[in-house]
Amino acid sequence: MDVDTRLLRYFAAVAEEGNLTRAAERLRVSQPALTKQIRRLETLLKVRLFDRSRAGMALTDPGRTLAERLPALLGDWDTAVHATRASAGRAARTLRVGFLASAANEATRPIVAAFTKRRPGWRVEMHQASWADPTGGLATGDVDAALVRLPFPGQETLRFAVLFAEPRMVALADSHPLAARERVDFAELLDEPFVAAPAETGGWRDYWLAAERRDGRAPRVGAVTDQPDAWLSAIANGYGVALAPESAARFYARPGVTYRPVDGVEPSEVGVAWSPGAEGDPVVRDFVECCLRVVRSGGRPSAT
């Protein structure tokens, strides 16, 4: 019997979360689509994998059997896929690195330089991902490693190391009354419309809406974007405000947009991430070590 590994990953997420809504957010798919795929897997296997109730999704005995064996099966598959793709990279002496927006800020260039010094003749091929994929391309297997913003949905299925943290700021239209202030308290933004990431990014979207600081109040969403240019345009046009890392004021300065320090929200963390299948890859390991060494040696902007 041939079963799509995607179905197995969907099953694993639901088994771990015990809840379709949380699993759908983690997988960045709609709940109806996830329900359909779980039923498809049950049809293929000819067994019922979950007992469904208002309390959530509880594994049946056959479901527990599958859940116990799945991590090793998927781990072996991930390792095989990474080894296959990495062999092409080794032949071309290229490491594919995904990133979001400004990557590791000013530390990015020194990291790449340190890697190419460690591995002469190699090059780092940078691939920018949209905010619809906070894993930077790791979720789809398009890259070998990624410079990411933590937290993001599904990070528990990957390996990562935190590089540094930086304060979050608020980006506003120049004409916004709060743009004249030196600092803004997040409580003053609770009734403001926000420019948000796509809903399917789940926890990533929630983090940049500071959902944990709203005391249960639903945020107002004035615009949805998944690229920096569209994000900046929406803010400049007054469709909403947005939280942003402090470095955005340097990397994404543009007429019509003002950045102000914001109190009452935690700093944003930047990390380097890689898939479990790349755990034993010496090239990926060298890149991760270069990231850590550059940051530890001060090759990054200092947090204020």
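Here the structure is a predicted model, which means the values were calculated and not measured.

Caption draft 1: Inspection of the packing of aromatic side chains at higher detail. A full pass over the atoms with the stated rule returns seven aromatic pairs. Between F186 and F194, the aromatic rings sit 6.4 Å apart at their centres with planes inclined by 65 degrees, giving edge-to-face as the arrangement. You'll find F186 and F194 in the same group, each marked buried. Aromatic ring contacts, followed pair by pair, group F115, W122 and F287 into a single cluster. Here the guanidinium or amino end of R119 rests over the ring plane of W122, the centre of that ring lying 5.6 Å away.

Caption draft 2: Region of the structure containing unusual backbone geometry. Residues L150 and P151 are joined by a peptide bond in cis, for which omega reads 0 degrees. Within the fold, P151 resides in the loop between β5 (145–150) and β6 (159–166). Its identity is not glycine, yet A103 carries a phi of approximately 55 degrees, on the positive side. Considering the arrangement of structural elements, one finds A103 in the loop between β3 (94–100) and α5 (108–118). At A210, a position not held by glycine, the phi torsion is positive, near 50 degrees. Relative to the assigned elements, A210 resides in the loop between α6 (203–208) and β10 (220–224). For A210, a relative accessible area of 0% translates into the label buried.

Caption draft 3: Quick look at the packing of helix α1 (residues 5–17) against helix α3 (residues 31–45). Relative orientation of the contacting elements α1 and α3 amounts to 110 degrees, with a least axis distance of 9 Å. Taken together, α1 and α3 sit at an angle that is classed as roughly perpendicular. Handedness of the crossing formed by α1 with α3: left-handed. The segment α1 lies against α3, with L7, L8, Y10, F11 and V14 engaging L34, Q37, I38, R40, L41 and L44. Counted by class, the contact of α1 with α3 contains nine nonpolar, one polar and one charged residues.

Caption draft 4: Spotlight on the pairing of strand β4 (residues 123–129). Summarising the sheet, β3 and β4 pair through seven bridges and their orientation is parallel. Of the residues in β4, the one forming a bridge with G98 is H127. You can see the chain leave β3, run along α5 and come back into β4, and the turn it takes is right-handed.

Caption draft 5: Layout of the packing of α5 against helix α9 (residues 282–296). Between α5 and α9, whose axes approach to 9 Å, the crossing angle comes to 135 degrees. Considering the angle they form, α5 stands oblique to α9. Regarding α5 and α9, the two cross each other, and that crossing is right-handed. Residue-level inspection shows P110, I111, A114, F115 and R118 of α5 in contact with α9, the latter providing V283, D286, F287, E289, C290, C291, R293 and V294. Taken together, the residues that form the contact of α5 with α9 break down as nine nonpolar, no polar and four charged.

Caption draft 6: Structural context of the side chain of S268. Looking at where S268 falls in the secondary structure, it is placed in strand β13 (residues 268–274). Engagement of the side chain of S268 in a polar contact is seen with the side chain of R149, the distance being 2.9 Å. Those residues in contact with S268, other than ones at most four positions away along the chain, are R149, F164, A165, E166, R168, Y207 and W208.

Caption draft 7: Region of the structure containing the sheet that holds β5. Reading across from one edge, β4-β3-β5-β13-β6 is the order of the five strands in this open sheet, with mixed pairing throughout. Unpaired on one side and paired on the other, β4 and β6 mark the two borders of the sheet. Taking the axes of each pair of neighbouring strands and ignoring which way they run, one obtains an average angle of 25 degrees across the sheet. Here three bridges tie β3 to β5, and the two strands are oriented parallel to one another.

Caption draft 8: Focus on the nonpolar core. Residues V170, F186, L189, W231, L243 and Y259 are the most contacted members of the largest nonpolar core, which totals 44 residues. Only β5, β7 (168–173), β9 (193–196), α6, α7 (228–236), β11 (242–245) and β12 (257–263) provide two or more residues apiece to this core. Ignoring sequence-local partners within four residues, the contact set of F186 consists of F194, L209, A210, R213, R214, L243, V262, D263 and V265. Counting 28 residues, the second largest nonpolar core, distinct from the first, contains F99, L163, V283 and C290.

Quick notes on the rules
- Residues numbered from 1 in each chain as written.
- Predicted model: local features only at pLDDT ≥ 70, side-chain atom pairs only at ≥ 80, totals over all residues.
- Heavy atoms only, no water.
- Phe/Tyr/Trp six-rings, centres within 6.5 Å; stacked < 30°, edge-to-face > 60°.
- Buried < 20%, exposed > 50% of the residue type's maximum accessible area, 1.4 Å probe, protein only.
- Lys NZ or Arg CZ within 6 Å of the ring centre and 35° of its normal.
- Helix = DSSP H or I, 4+ residues; strand = E, 2+ residues; numbered from the N terminus.
- Axes fitted to C-alpha atoms, helices over the stretch in contact; angles between N-to-C directions.
- Parallel < 35°, antiparallel > 145°, perpendicular 65-115°, else oblique.
- Left-handed = near helix turned anticlockwise from the far one by under 90°.
- Contact = heavy atoms within 4.5 Å.
- Nonpolar A, V, L, I, M, F, W, Y, C, P; charged D, E, K, R; others polar.
- Pairing = 2+ DSSP bridges.
- Right-handed = clockwise from strand over helix to strand, strands pointing away.
- Polar contact = N/O pair within 3.5 Å; in protein donor to acceptor, adjacent residues only side chain to side chain.
- Core = buried A, V, L, I, M, F, W, Y, C linked by side-chain atoms within 4.5 Å.

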